[in-house]
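# Remarks on the overall topology
The lines below spell out each chain.
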Amino acid sequence: MQTGIDLLLSHPPMWQQQRIGLVTNHAACTATFQPARQALLQNGFNITTLFSPEHGLDTTGADGHLMKDGVDPLTGLPIISLYGDKLAPSGDDLANIDIMLFDIPDIGCRFYTYLWTMTHVMEACARLDIPLVIADRPNPLSGNIDLAEGALLDEGHCSSFIGRWRLPVKHSCTLGELAKYFNTTRNIHCKLDIITCSGWKRDTFYTNWSHSFAPLSPAIPTFESALLYPGLCFLEATNISEGRGTATPFRIAGAPWVNANETALQFNSLAEELRLPVHARPVTFTPAEAKYRGEKCNGVMLHVDEPAQYKAVLTGLLLIRIIKELHPVQFEWATYPTHVNPTGKQHLNLLLGVVNAEQLFDLPVKEFIEEVK
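Residues numbered from 1 in each chain as written. Predicted model: local features only at pLDDT ≥ 70, side-chain atom pairs only at ≥ 80, totals over all residues. Heavy atoms only, no water.

### Let's talk about the pairing of strand 2 (residues 47-52)
Let me state the cut-off plainly: Throughout this description, buried means an accessible area under 20% of the type-specific maximum (1.4 Å probe, protein chains only), exposed means over 50%, and partly exposed covers the range between. A helix here means a DSSP run of H or I that spans at least four residues, while a strand means a run of E at least two residues long, and both kinds are numbered starting from the N terminus. At least two DSSP bridges between two strands are needed for those strands to be called paired.
When you tally the buried positions in strand 2, you get 5 out of 6 residues, the bulk of the element. Pairing of strand 1 (residues 20-24) with strand 2, which is carried by 4 bridges, proceeds in the parallel orientation. The residue of strand 2 that forms the bridge with Val23 is Phe51. Of the strand pairs in this sheet, strand 2 and strand 4 (residues 78-81) are connected by 3 bridges, and their pairing is parallel. Among the inter-strand pairings, Leu50 is bridged to a residue of strand 4, identified as Ile79.

Right under this line is the structure:
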């Protein structure tokens, strides 16, 4: 399997010497894990400016925190942040750019913001008639459309930077595919060229083509975190820790007041009944940051047996429901302030993409499962 960036490097295009703006981050690597921006420069690509998404060029910025412009220590190139004072490049930013190149690995989930940075770049390029080339990468959670999950976003009430347009939570597409789709359906009319992956099979997962995972952001350090993220991210809208500040973010869930043994018991019983290939085991952990920093938490760690049969969204919502029912006094819905949503209000609505999302958890369990499948 070859990604778009490796194909681009092996077949240099006619625009190689034009002034190139590169939208990227440090997770964007070649097959040999060389940073893509460095490889492009070494192969004669005339990159003049770097543009970075949320978490910054180095991918270490905290979730939802404003990122500033800067200079890349690896290449010496200027960095313009697209998660700072603006979400899209301005006319001044693109004044000396002939062509834009986009290369950022994604996670295959609607509320992971790299996708929406891409759409803002598309719109900016369309306004200024600048061609945009997307070096595509496989969806790490596979391109199997049968594994797509979650409600289609209610744009009238739930549109935000963690979900601009109508899309399920887990979409089973590549960024290149979504770029072509939105370019047509949103009438963006960007001059778009997609360098598609070679040898990618849609039913494969990241671990099928690579034995090592480049962290996509501080809380996605491993493939296991990426696999569980589309479901356990809903914990952000609660007073339950999603494992930020630990070695296993988005693989664990808990709080000081959680009954870990009973939570694991009830979760495993329901997972078996629904034939979900995932098991919970009770654990304790102490986050170094975020919720319950420095406090011992009780909770569960989830272990997925078969990714090709796993339903992440259903799993995450079921886990929240179980903890909520076991701890009716301690459990609370919570705000989640970020740079793009300073109040942090309605976070569950924005994540799930539906209005009054909290009310789903008051439904009888069978009806709840049918609603969130």
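### A short note on helix 7 (residues 223-232)
Since there are 3.6 residues in each turn of an α-helix, residues three or four apart along the chain are aligned in direction. To be explicit about the condition: Throughout, a contact is declared for two residues whenever any of their heavy atoms are within 4.5 Å.
Burial runs high along helix 7: 9 of the 10 residues are buried. Buried-residue contacts for helix 7 involve helix 6 (206-209), strand 8 (252-255), strand 10 (297-304) and helix 9 (312-326).

### So, the nonpolar core
For clarity, the threshold we go by: Nonpolar core, defined: a set of buried Ala, Val, Leu, Ile, Met, Phe, Trp, Tyr and Cys residues in which side-chain atoms within 4.5 Å join the residues together.
Formed by 100 residues in total, the largest nonpolar core has its most connected members in Met100, Phe111, Leu132, Ile220, Tyr229, Phe234 and Leu302. Listed in part, the 22 residues of the second largest apolar core include Ile47, Leu57, Ile79 and Ile195.

### Focus: the side chain of Arg251
Along the chain, the position of Arg251 falls in the loop between helix 7 and strand 8. In this view, Arg251 contacts Thr222, Glu224, Ser225, Leu228, Leu232, Val300, Met301, Leu302 and His303; residues no more than four positions away in its chain are not counted.

### Describing the pattern of salt bridges
Two side chains bearing opposite charge may form a pair once their charged atoms approach each other closely. Rule in force here: Salt-bridge detection follows one rule: a side-chain nitrogen of Lys or Arg within 4 Å of a carboxyl oxygen of Asp or Glu.
Across all of its chains, the model carries 14 salt bridges by this definition. When the shortest N-O distance is used, the salt bridge between Glu177 and Arg202 registers 2.6 Å. Placement of the pair is Glu177 in helix 5 (residues 175-185) and Arg202 in the loop between strand 7 (192-195) and helix 6, with a sequence separation of 25 residues. On the basis of relative accessibility, which here comes to 29%, the residue Glu177 falls in the partly exposed class. Between Glu242 and Lys291 there is a salt bridge, and its shortest N-O distance comes to 3.1 Å. Residue Glu242 is found in the loop between helix 7 and strand 8, and its partner Lys291 is found in the loop between strand 9 (278-285) and strand 10; the two are separated by 49 residues along the sequence. Residue classification places Glu242 among the buried residues on the basis of a relative accessible area of 3%. Overlapping salt bridges bring together Asp63, Glu236, Glu242, Arg244 and Lys291 as one network.

### Structural notes on unusual backbone geometry
For Phe33, which is not glycine, the phi torsion reads 65° and is therefore positive. The residue Phe33 is located in the loop between strand 1 and helix 2 (36-42) in this model. By relative accessible area, Phe33 is classed as partly exposed at 40%.

### Some details on the sheet that holds strand 4
Across the sheet, which stays open at both edges, the 7 strands sit in the order 3-4-2-1-5-6-7 with mixed pairing between neighbours. In this open sheet, the two strands that pair with only one neighbour each are strand 3 (70-71) and strand 7. Summarising the sheet, strand 3 and strand 4 pair through 2 bridges and their orientation is antiparallel. Opposite Gly70, over in strand 4, you have Ile79 as the bridge partner.

### Here we look at the packing of helix 9 against helix 11 (residues 365-372)
What counts here: A fitted line through C-alpha atoms serves as each axis, taken over the contacting stretch for helices, and the angle formed by two N-to-C directions is quoted from 0 to 180°. Here is the rule for angles: anything less than 35 degrees is roughly parallel, anything more than 145 is roughly antiparallel, 65 through 115 is roughly perpendicular, and the remaining ranges are oblique. The handedness criterion is simple: a crossing whose near helix is rotated anticlockwise from the far helix by less than a right angle is left-handed, and one whose near helix is rotated clockwise is right-handed.
At their nearest, the axes of helix 9 and helix 11 sit 10 Å apart, and the two run at 150° to each other. Taken together, the axes of helix 9 and helix 11 are roughly antiparallel relative to one another. Where helix 9 crosses over helix 11, the handedness of that crossing is right-handed. Contact with helix 9, carried on its side by Val313, Leu314, Leu317, Leu318 and Arg321, involves Val365, Phe368, Ile369 and Val372 of helix 11 and no other residues of that element.

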